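# Remarks on the overall topology
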Number of protein chains: 2
Amino acid sequence: MKRYTVSEVARMSGVSVRTLHYYDQIGLLRPAEQGGNGYRYYGREELLRLQQILFYRELKFPLEDVRRILAAPDFDRAEALRAHRARLAEEAENYRRLLQTIDRTLADLNGDGTMSDDDIFYGLNSPRQKEYETWLVDRFGDGMQEKIDESRAKLQAAGGDPKIQAAMGEAQDINADLAAAMKKGLPVDSEETQAAVHRHYQWVTTFWTPDRESYAGLGQLYLEHPDFRKFYDTPGRDGLAAYLAEAMAVYAERTLA
Amino acid sequence: MKRYTVSEVARMSGVSVRTLHYYDQIGLLRPAEQGGNGYRYYGREELLRLQQILFYRELKFPLEDVRRILAAPDFDRAEALRAHRARLAEEAENYRRLLQTIDRTLADLNGDGTMSDDDIFYGLNSPRQKEYETWLVDRFGDGMQEKIDESRAKLQAAGGDPKIQAAMGEAQDINADLAAAMKKGLPVDSEETQAAVHRHYQWVTTFWTPDRESYAGLGQLYLEHPDFRKFYDTPGRDGLAAYLAEAMAVYAERTLA
DNA sequence: CTTGACCCTGACGCCGCGTGATAGGCCAGA
DNA sequence: TCTGGCCTATCACGCGGCGTCAGGGTCAAG
């Protein structure tokens, strides 16, 4: 039975020796045996346990929780993961908001680098209400009014510009493709799904050209805001918004700058 | 000149008294004066400085950096923000990956709540972890991918929150009502149409409570922007977005503040 | 036996405060 | 003027997850 010293385990697992000491100290990972010289020796079993620990650590579980989860084999890991997922999702959302705040602030910075107090606080701590408004303004600009007035006549007079009708039809098509891919159980990074997302991206570029982050953000928006989500999560297509959001994230990461 | 005690400042700004003590201690926010009794008294200027501090704190700047930024008025805040933005973006991206890892893991969880070692490490991605993954693959083989793909179906089959499903269904219903009204040739200010719009307004208030102008603006957005319009202008319902937009404008003017 | 690379324990530091403990100040009512 | 109740102050420990010395023992090769 092979035994590993701290530095060997450290090299294999990527953690520091100090971390192994610490994990021993808090009772998270005890060495298989500790010889008369006080040296820690780990076996295969401990390596496997360490893997699990690192998995949960990566997901930002507190080590104390990790200890509890691993201590009880009958513990409902799925439930723990789901609960934790919710917290992570909040954090992710929070980071997204912070990025927007920075972007707005940068946009509002005057040439001399000063910023007004109004600017600096806009969008902070806003109860979820403001968030939606912010999104709309961010995405579609606030010169909306004029553009709308201007284009209104055309759209309404003709009872529908054929070009626009085509665009709407395209959106329906893409949606159908995505729904089909999801129902087939294809992973979000499958070729077919990504092809559909590519069509979606092309479609989006007719009115907006998002970069990597924005496009992934758009996917989140589809998922998180009912006013978008209603288009995707229709009866018989439950979970499509989530599916699309993930697929868009993958697409963004792989293809966009 | 008005002076505020610690608890007053705390109440106004939302930070704790302890935080004010701490900011004094580290030289981040000194009170305007400290009377013979040792009490801290803050003036308007300090309040404004606190605002700035909280802005940067919210963005997760280390307090030491905040101090430096505020200390030098000629400091390039824009540059600092841009640099910081990059870090935040990385973090945001990281959280997104963690969510995906959790989703994959949940999909792979067996009914009894155990998870296989293959599953448990998939998706870890820090540079150091890459080595670790390699090590894992060496040890456990690389038949992981198929299993992951295969199990994704389960996740999607699981369905979603019934509350959300209900909200999505409501949106569909409202849409059907509106389409019916339009096809009957009812004017936008007809009772039936306005009733449907009212339902729509109620639906919107589950995530946002717009005032008159905002609600009318939302209608225009539905019309102007393909990403919304695609939900309304479906085949056989051409012009519904325009119809709804006008009906919403009427509703807003008549009923909202 | 020496050398150098390992191993140990113990302790402090980090950051942004929360949470006491202990002691004194301020102001209104009796 | 005294009392009580609520302010204020400072000092100090604690959290999490280790990094980073300091000071000393151990192991294996030459």
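Residues numbered from 1 in each chain as written. Chains lettered and ligands numbered in written order. Predicted model: local features only at pLDDT ≥ 70, side-chain atom pairs only at ≥ 80, totals over all residues. Heavy atoms only, no water.

### Focus: the nonpolar core
Soluble globular proteins tend to pack their nonpolar side chains together in the buried interior. What counts here: The criterion is simple. A nonpolar core is a set of buried Ala, Val, Leu, Ile, Met, Phe, Trp, Tyr and Cys residues joined through side-chain atoms within 4.5 Å. Using a 1.4 Å probe on the protein chains alone, a residue whose accessible area is under 20% of its type maximum counts as buried, one over 50% counts as exposed, and one in between counts as partly exposed. A run of DSSP states H or I qualifies as a helix once it reaches four residues; a run of E qualifies as a strand once it reaches two. Both are numbered from the N-terminal end. A contact between two residues is defined here by any heavy atoms of the two lying within 4.5 Å.
In this structure, A:Val197, A:Tyr215, A:Tyr222, B:Val197, B:Tyr215, B:Leu218 and B:Tyr222 are the most contacted members of the largest nonpolar core, which totals 66 residues. Ranked by residues supplied to this core, first place goes to helix α13 (residues 240–255) of chain B with 11 residues. Beyond its immediate stretch of four places on either side in the chain, A:Val197 contacts A:Leu178, A:Tyr215, A:Leu244, A:Ala247, A:Met248 and A:Tyr251. In terms of nonpolar packing, the next biggest core, distinct from the first, is built from 65 residues, A:Tyr42, A:Leu50, A:Tyr95 and B:Leu54 among them.

### Details of the protein's contact with DNA strand D
Keep this limit in mind: The near set for a molecule or strand comprises every residue that places at least one heavy atom within 4 Å of it. Distance and chemistry together define a polar contact, namely a pair of N or O atoms within 3.5 Å, with one atom able to donate a hydrogen and the other to accept it when in protein, and with adjacent residues in sequence counting only for side-chain atoms on both sides. Throughout, the ten residues Ala, Val, Leu, Ile, Met, Phe, Trp, Tyr, Cys and Pro are labelled nonpolar, Asp, Glu, Lys and Arg are labelled charged, and all others, Gly among them, are labelled polar.
In the vicinity of DNA strand D there are 18 residues, among which A:Ser16, A:Tyr23, B:Ser7, B:His21 and B:Arg40 approach most closely. Here, DNA strand D places atoms within 4 Å of the protein, and 70% of those atoms are sugar or phosphate. B:Tyr39 has a polar side-chain atom sitting 3.4 Å from a sugar or linking oxygen of DNA strand D. With respect to DNA strand D, the side chain of B:Arg40 contributes an N or O atom lying 2.6 Å from a phosphate oxygen. With four residues, the single largest contributor to the surface near DNA strand D is helix α2 (residues 17–25) of chain A. Looking at the surface near DNA strand D, its residues break down into seven nonpolar, seven polar and four charged.

### Concerning the protein's contact with DNA strand C
Near DNA strand C you find 19 residues, and of these A:Thr5, A:His21, A:Arg40, B:Ser16 and B:Tyr23 are the closest. Sugar and phosphate atoms form 73% of the subset of DNA strand C atoms that lie within 4 Å of the protein. Contact distances for DNA strand C include 2.8 Å between a phosphate oxygen and a side-chain N or O atom of A:His21. At a separation of 3.1 Å, a base oxygen of DNA strand C approaches a polar side-chain atom of B:Arg18. Elements represented by at least two residues in the surface near DNA strand C include exactly α1 (6–13) and α2 of chain A together with α2 (17–25) of chain B. For the surface near DNA strand C, the element with the most residues is α2(B), which contributes four residues. Along the lines of polarity and charge, the residues of the surface near DNA strand C split into seven nonpolar, eight polar and four charged.

### Some thoughts on the pattern of salt bridges
All names here are of chain A. The cut-off we apply is this: Salt bridge, as used here: a side-chain nitrogen of Lys or Arg that lies within 4 Å of a carboxyl oxygen of Asp or Glu.
With the rule as written, the count across this model stands at 26 salt bridges over all chains. Between Asp173 and Arg199 there is a salt bridge, with the nearest N and O atoms lying 3.8 Å from each other. Placement of the pair is Asp173 in helix α9 (residues 162–183) and Arg199 in helix α10 (residues 191–204), with a sequence separation of 26 residues. Overall, Asp173 belongs to the partly exposed group, its relative accessible area being 43%. Connected through shared salt-bridge partners, Glu64, Asp65, Arg67 and Arg68 make up one network.

### So, the packing of aromatic side chains
All names here are of chain A. Heads up, the condition is: For this analysis, a ring pair means two rings from Phe, Tyr or Trp (six-membered ring only for Trp) whose centres lie within 6.5 Å, classed as stacked if their planes differ by under 30 degrees, edge-to-face if by over 60, and tilted for the remaining angles.
Applying the stated criterion to the full structure yields 23 aromatic pairs over all chains. Look at Tyr22 and Tyr23: their rings are 6.2 Å apart centre to centre, the planes differ by 45 degrees, and that puts the pair in the tilted class. Given a relative accessible area of 35%, Tyr22 falls into the partly exposed group. With relative accessibility at 2%, the residue Tyr23 sits in the buried group. Ring geometry for Tyr201 against Tyr215: centres 5.1 Å apart, planes inclined by 90 degrees, an arrangement best described as edge-to-face. Taken together, the positions of Tyr201 in helix α10 and Tyr215 in helix α11 (residues 212–224) put the pair 14 residues apart, joining distant regions of the chain. Judged by relative accessible area, which is 0%, Tyr215 ranks as buried.

### So, the confidence of the model for chain A
Rules: Every residue is assigned a pLDDT by the predictor, reflecting its confidence on a scale from 0 to 100.
For chain A, mean pLDDT is 76; residues scoring 70 or higher make up 75% of the total. For chain A, per-element mean pLDDT is lowest for helix α6 (residues 117–121) of chain A, which scores 36, and highest for α2(A), which scores 97.

### Description of the packing of helix α3 (residues 44–58) of chain B against helix α4 (residues 63–71) of chain B
Residues and elements named next belong to chain B. Note the cut-off: Angles here are taken between N-to-C directions and fall from 0 to 180 degrees, while the axes themselves are lines fitted to C-alpha atoms, restricted in helices to the stretch in contact. The scheme is simple: roughly parallel for angles under 35 degrees, roughly antiparallel for over 145, roughly perpendicular for 65 to 115, oblique for anything else. Put simply, a crossing is left-handed when the front helix is turned counterclockwise from the back one by less than a right angle, and right-handed when it is turned clockwise.
Where α3 meets α4, the axes come as close as 10 Å, and the angle between the chain directions of the two elements is 135 degrees. Here α4 runs oblique to α3, going by the angle between their axes. In this structure, α3 crosses over α4, and the sense of that crossing is right-handed. Across the interface between the two elements, Arg49, Gln52, Ile53, Tyr56 and Arg57 of α3 pack against Leu63, Val66, Ile69 and Leu70 of α4. Each residue belonging to the contact of α3 with α4 can be placed in one class, and the counts come to six nonpolar, one polar and two charged.

### What to know about the environment of A:Glu46
Residue and element names in this part refer to chain A. Along the chain, Glu46 turns up in helix α3 (residues 44–58). Here Glu46 falls in the buried class, since its relative accessible area comes to 14%. Along the primary structure Glu46 and Pro31 are separated by 15 residues, whereas in three dimensions their C-alpha atoms are 6.9 Å apart. Sequence-distant contacts of Glu46, that is, excluding residues within four places in its chain, are made with Leu29, Arg30, Pro31 and Ala32.

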